[in-house]
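# Commentary on secondary and tertiary structure
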Amino acid sequence: MTVHFIGAGPGAADLITVRGARLLASCRVCLYAGSLVPRELLADCPPGAELVDTARMDLDEITDALVRAHRDGHDVARLHSGDPSVFSAVAEQMRRLDAAGVPYEVVPGVPAFAAAAAALKRELTVPAVGQTVILTRVAQRATPMPPGEDLPTLAASGALLVLHLAAGYAERVVAELTPHYGADCPAAVVAYASRADEVVLRGTLATVAAQVAAAGIRRTAVIMVGRTLGASSFPDSHLYSPLRGRP
């Protein structure tokens, strides 16, 4: 028996990987976050599968369900929105499964920031403009950020910032980033990326907070800030250069 931590993708049911879909169709137990994972995915579970919505469960209750399935000899599909490697709370689940002797594997998924970039029709790394992307969040009603990972410190790099779990604090984000990027720096917000109700906002640090407020966006969104979002004049990548590989 194995627990499969499966990245369910950013929202659209058809953005789960082929491997993830196959595992989902083979597991007799499925744990999923009902507030984030598209319910259409549950149709891929085998008939009679046990479906457990973890939206109102704490870590102990989730661990108990996984261990119980292990004892009953059932494979488990543990669906997480986006990709399990980023802001998924998978680490503490895996730590507890290690302690309980329960085997598991991780199946990657399409992360929210990738779906947001697709909605914006933007490459996040542009030659001679920006080659670094920082994925981060703000510490408000969540676990405190480690020392040195506050927004002003990260902004000093000038890299493209992708902020998760921050849509409800857009004004604070703007206030902390503007001194480093400038009010005219391109900014974008994508809510419900890849879903039918997707919302895409484009602007600058001077305008984005007001746009977020007007659209009523509070959650399930990423904020992006950086010069690559507005880049138009930049050299072609060396990747496809006719000079590549020549002496």
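Fair warning: this is a prediction, and the values are worked out from it, not measured in the lab.

The phi angle at Phe-87 is positive, at roughly 50°, despite the residue not being glycine. Here Phe-87 is to be found in the loop between strand 4 (76-80) and helix 3 (90-100). Positive phi outside glycine occurs at Lys-121, with the angle close to 55°. In this fold, Lys-121 is placed in the loop between helix 4 (112-120) and strand 6 (133-137).

A separate point is the domain arrangement of the protein chain. Bring the parts together and some accessible area is lost; that lost area is often taken as the interface size. Once the domains are mapped, the protein chain shows domain 1 (3-107) and domain 2 (112-230). Measuring from the centre of the C-alpha atoms in domain 1 to the corresponding centre in domain 2 gives 28 Å. Roughly 690 Å² is buried in total at the junction of domain 1 and domain 2, and carbon and sulfur atoms are behind 70% of that figure. Applying the counting criterion to the domain 1 and domain 2 interface returns zero salt bridges. Across the domain 1-domain 2 interface, the total number found is one residue pair in polar contact (both at pLDDT 80 or more). Broken down by class, the residue content of the side of domain 1 that touches domain 2 amounts to six nonpolar, one polar and no charged.

Okay, the packing of helix 2 (residues 59-71) against helix 3 next. Two elements in contact, helix 2 and helix 3, have axes separated by 10 Å at closest approach and are oriented at 50°. Classified by the angle between their axes, helix 2 and helix 3 sit oblique to one another. Where helix 2 crosses over helix 3, the two elements pack in a sense that is right-handed. Note on element contacts: helix 3 touches helix 2 through Glu-92, Gln-93, Arg-96, Leu-97 and Ala-100, opposite Leu-59, Asp-60, Ile-62, Thr-63, Leu-66 and Val-67.

This paragraph deals with the packing of aromatic side chains. Summed over the entire model, instances satisfying the criterion amount to one aromatic pair. Centroid distance Phe-5 to Tyr-104: 5.9 Å. Interplanar angle 75°. Geometry classified as edge-to-face. Of the two residues, Phe-5 sits in strand 1 (residues 3-7) while Tyr-104 sits in strand 5 (residues 104-107), which places them 99 residues apart along the sequence. Taking the relative accessible area as the measure of exposure, Phe-5 reaches 0% and is therefore buried. Classification of Tyr-104 by relative accessible area gives partly exposed; the value is 26%.

Between helix 6 (residues 170-181) and helix 7 (residues 208-215), whose axes approach to 9 Å, the crossing angle comes to 175°. By the criterion of interaxial angle, the relationship of helix 6 to helix 7 is roughly antiparallel. When helix 6 is examined against helix 7, the residues Ala-170, Glu-171 and Val-174 are found in contact with a partner set consisting of Val-208, Ala-209 and Val-212. The class makeup of the residues in the contact of helix 6 with helix 7 is five nonpolar, no polar and one charged.

Scoring rules and cut-offs
Residues numbered from 1 in each chain as written. Predicted model: local features only at pLDDT ≥ 70, side-chain atom pairs only at ≥ 80, totals over all residues. Heavy atoms only, no water. Helix = DSSP H or I, 4+ residues; strand = E, 2+ residues; numbered from the N terminus. Domains from an automatic or database assignment. Buried area = accessible area lost by both parts, 1.4 Å probe. Salt bridge = Lys/Arg side-chain N within 4 Å of Asp/Glu carboxyl O. Polar contact = N/O pair within 3.5 Å; in protein donor to acceptor, adjacent residues only side chain to side chain. Nonpolar A, V, L, I, M, F, W, Y, C, P; charged D, E, K, R; others polar. Axes fitted to C-alpha atoms, helices over the stretch in contact; angles between N-to-C directions. Parallel < 35°, antiparallel > 145°, perpendicular 65-115°, else oblique. Left-handed = near helix turned anticlockwise from the far one by under 90°. Contact = heavy atoms within 4.5 Å. Phe/Tyr/Trp six-rings, centres within 6.5 Å; stacked < 30°, edge-to-face > 60°. Buried < 20%, exposed > 50% of the residue type's maximum accessible area, 1.4 Å probe, protein only.

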